[in-house]
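Single-letter residue listing:
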Amino acid sequence: MRVKLRKSFFKSLRFRIMIILFIIGIIPCLIVKNVIVSSYENRAVSLRYYNVRNQCDILGNQLMKENYLENQDSEVINGEMAILTSVYNGRILIINRNGKIVKDTYDIDEGKYALSKEVIECFDGIPANNYDRKNSYIEQTIALTDKETGQADGVMLVSTSTGEIADSVDMLETRGNLLMAAVCILVIVLGYVISGILVKPFSKVSKAIEELTDGYLNEEISISDYTETELICNVFNKMLGRMKTLDDSRQEFVSNVSHELKTPMTSIKVLADSLNGQENVPVELYKEFMEDIVVEIDRENKIITDLLALVKMDKKASNLNIEKVSINDLLESILKRLKPIADKKGVELVLESYRPVVAEIDEVKLSLALSNLVENGIKYNVEDGWVHVTLNADHKYFYVTVADSGIGIPEESIDRIFERFYRVDKSHSREIGGTGLGLAITRNAIVMHRGAIKVRSEEHKGTTFSVRIPLNYIA
Ligand SMILES: Nc1ncnc2c1ncn2[C@@H]1O[C@H](COP(=O)(O)OP(=O)(O)OP(=O)(O)O)[C@@H](O)[C@H]1O
Ligand SMILES: [Mg+2]
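Scope of this entry: the structure provided in the associated data block. This is a predicted model, so every value here is computed, not measured.

The helix and strand tally for the protein chain stands at 12 helices and 12 strands. Reported as C-alpha extents along the three principal axes, the dimensions of the protein chain are approximately 165 × 55 × 35 Å. Residues counted as buried form 38% of the 475 residues belonging to the protein chain. Pairs at least 24 residues apart make up 65% of the contacts formed inside the protein chain by residues separated by at least 6 positions. As presented, the protein chain carries roughly 29200 Å² of accessible surface, and 57% of it is formed by carbon and sulfur atoms. A gap of 3 Å separates the mean positions of the 58 positive and 68 negative side-chain charges of the protein chain.

Within the secondary structure layout, Arg-14 lies in helix α2 (residues 13-65). Along the primary structure Arg-14 and Leu-338 are separated by 324 residues, whereas in three dimensions their C-alpha atoms are 68 Å apart. Residues in contact with Arg-14, not counting those within four places in the same chain, are Tyr-192, Ser-195, Gly-196 and Val-199. Only 3.3 Å separates the side chain of Arg-14 from the side chain of Ser-195, close enough to count as a polar contact.

With that settled, the discussion passes to a negative patch on the surface. Side chains of Glu-323, Asp-329, Glu-332 and Glu-363 sit close together on the surface and give a patch of like negative charge. As for its placement among the helices and strands, Glu-323 is situated in strand β6 (residues 322-326).

This next bit is on the packing of helix α5 (residues 163-214) against helix α6 (residues 227-277). The geometry of α5 relative to α6 is characterised by a closest axis approach of 10 Å and an angle of 15° between their N-to-C directions. Our classification of the angle between α5 and α6 gives roughly parallel. Note on packing geometry: the crossing formed by α5 with α6 is right-handed. In this structure, α5 contributes Pro-201, Phe-202, Val-205, Ile-209 and Leu-212 to the contact, and α6 contributes Glu-228, Thr-229, Ile-232, Cys-233, Phe-236 and Leu-240. Looking at the contact of α5 with α6 residue by residue, the classes come out as nine nonpolar, one polar and one charged.

Within this structure, the stated rule accounts for seven aromatic pairs. Through successive ring pairs, a cluster of aromatic residues spans Phe-9, Phe-10 and Phe-15. A cation sits over an aromatic face here: Arg-468 above Tyr-397, 4.4 Å from the ring centre.

Another aspect to go through is the site of ligand 1. In the neighbourhood of ligand 1, 21 residues make up the surrounding shell, with Asn-376, Tyr-380, Thr-435, Gly-438 and Leu-439 lying closest. Here an oxygen atom of ligand 1 and a side-chain polar atom of Lys-379 are 3.2 Å apart. Between ligand 1 and the protein, one listed contact pairs an oxygen atom with a backbone N or O atom of Leu-437 at 3.1 Å. Expressed as a share of its isolated accessible area of 590 Å², the protein-covered part of ligand 1 is 99%. The set of elements that each furnish at least two residues to the shell around ligand 1 consists of α7 (283-314), α9 (363-379), α12 (438-448) and β12 (462-470).

Before going further, it helps to spend a moment on the sheet that holds β12. The five strands are arranged β7-β9-β10-β12-β11 in an open sheet whose pairing can be described as mixed. A strand with exactly one partner marks an edge of an open sheet, and here the two such strands are β7 (348-353) and β11 (452-458). Put simply, the sheet's adjacent strands are angled 10° from each other on average, direction ignored. The sheet contact formed by β7 and strand β9 (residues 386-393) spans six bridges and is parallel. Pairing of Leu-349 across the sheet is with Val-387, part of β9. Each of β11 and β12 is contacted by α12, which is oriented at about 140° to β11, the strand it contacts most.

With that settled, consider the environment of Tyr-226. Locating Tyr-226 in the fold gives a position in the loop between α5 and α6. A relative accessible area of 25% places Tyr-226 in the partly exposed class. Taking the C-alpha atoms as reference, Tyr-226 lies 81 Å from Gln-151; in sequence the two are 75 residues apart. Those residues in contact with Tyr-226, other than ones at most four positions away along the chain, are Ile-197, Leu-198, Pro-201 and Phe-202.

For an α-helix, 3.6 residues make a turn, and residues three or four places apart therefore share a direction. End to end, helix α8 (residues 327-345) covers 26 Å across 19 residues, agreeing with the expected 27 Å (1.5 Å per residue, within 8%). Remark: the principal bend of α8, roughly 45°, maps to Lys-339, with a proline, Pro-340, within the next four residues. Among the residues making up α8, those that are buried are Ile-327, Asn-328, Leu-330, Leu-331, Ile-334, Leu-335, Leu-338 and Ala-342. Packing partners of the buried residues in α8 comprise β6, β7, β8 (358-362), α9, β9 and β10 (397-404).

A few words on unusual backbone geometry. With a phi angle near 55°, Ser-136 is a residue other than glycine that sits in the positive phi range. When you line up the elements, Ser-136 lands in the loop between β3 (129-132) and β4 (137-145).

Procedures and definitions
- Residues numbered from 1 in each chain as written.
- Chains lettered and ligands numbered in written order.
- Predicted model: local features only at pLDDT ≥ 70, side-chain atom pairs only at ≥ 80, totals over all residues.
- Heavy atoms only, no water.
- Helix = DSSP H or I, 4+ residues; strand = E, 2+ residues; numbered from the N terminus.
- Buried < 20%, exposed > 50% of the residue type's maximum accessible area, 1.4 Å probe, protein only.
- Contact = heavy atoms within 4.5 Å.
- Areas by Shrake-Rupley, 256 points an atom, 1.4 Å probe, with all protein chains shown as cover.
- Lys, Arg positive; Asp, Glu negative; His and termini not counted.
- Charge placed at Lys NZ, Arg CZ, Asp CG, Glu CD.
- Polar contact = N/O pair within 3.5 Å; in protein donor to acceptor, adjacent residues only side chain to side chain.
- Patch = residues over 30% accessible without salt bridge, like charges linked within 9 Å, V, L, I, M, F, W, Y side chains within 5 Å.
- Salt bridge = Lys/Arg side-chain N within 4 Å of Asp/Glu carboxyl O.
- Axes fitted to C-alpha atoms, helices over the stretch in contact; angles between N-to-C directions.
- Parallel < 35°, antiparallel > 145°, perpendicular 65-115°, else oblique.
- Left-handed = near helix turned anticlockwise from the far one by under 90°.
- Nonpolar A, V, L, I, M, F, W, Y, C, P; charged D, E, K, R; others polar.
- Phe/Tyr/Trp six-rings, centres within 6.5 Å; stacked < 30°, edge-to-face > 60°.
- Lys NZ or Arg CZ within 6 Å of the ring centre and 35° of its normal.
- Near = heavy atom within 4 Å.
- Pairing = 2+ DSSP bridges.
- Expected span 1.5 Å × (residues − 1).
- Bend = angle between axes of the 7 residues up to and from the residue.

As structure tokens, this is what we get:
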């Protein structure tokens, strides 16, 4: 549970907002700190270059005046050099034209030769300013120029320690890091609080949904803090509406089923009771009542068969048994089967095929669907009426229309005829012998084939059902 919780926190919007705030807070801090430290260091080093060079230039002039390259006994100059080196914690080497060190304030390398790249370049008029950050010192070369010839007769090589600059940089870095740590903590705390405030409306939404699903609330939810939460609420309310409709229709279906199943039972019971209640019932009456009972049993049987057919098609997993079938043959056999009923009612049955059509369908289910339409056309027809069935196709679909010259469907009922158990005129339909499940079965079967069904009707004139089904089954 805890592992799951932790995982869900890392995946949460709140955590992501915190990360973003953290990045926004820390990166500028880091940049500012580094810029401050490095610009301080650059400034301090260049100031040091400048100061040392200035003082050494003056010293150099004095040195040349007193011919120090030849004779290093000048107390004044030696004293000045000692002061300079002690101020900057450094070392001065005086090198003559031959590269020989004539004076070393450390008294180590006098008499040796120092012909480094920097010294040679300085003789050529290019003085050096080198900063060694790692070892904390600056090395500079100053040319000792003869006033008359303008030539460099010697070079002053000065190294000064930058220890105190490094110390200041270190101190700045430490302070910067401390500040960063403080900012980090502040950003985390602030981020936690701000992200909490930002995601609160979403928590409100989930709480409202939870309360609704737990059944405390019964109305729609509305959290209009953000456009997003409003959108979520709208979508949820829509879904809720659909669920309510579904629930209502389920309840209605269950009550319809029980009612429909009870009706024949009640009739059977009434018939049987009346027989039982009489004495010396004539055989003819027995026979008549028994025939009525058989009719009611047949009716009950039909309702159950239809319901089972519907339930089977309702299951999404229900497999269609797809085969390549000639639709012309299928329609012919449907009409042939229904011809006796049509003849009995004096209704003319006509099939008009515009072309041979072969399609991938479930023969049993589609046959049931189409024969329900033709059967309705016959059932809800008038004496000497007609039912025209046409078949046509294009490259994608085939089209079947079933048109009749019957009683038609009132406009207010058109939208409901596909509902289970819906019948326009209950008493009339009952007389004709319907259960009101036929069109529901038809529509289900067509939808399973990814097809569509439409109806047009005019009262007392007739009705036309148009069906469109893909030639190739779409899984
Ligand atoms: N061709 C039609 N002309 C006029 N009314 C029709 C036609 N087809 C259907 N209806 C009306 O729609 C209702 C529903 O039809 P449906 O086929 O679902 O049920 P049914 O015919 O009453 O019973 P079942 O088909 O289950 O035996 C019918 O009761 C009838 O009122
Ligand atoms: Mg029917």
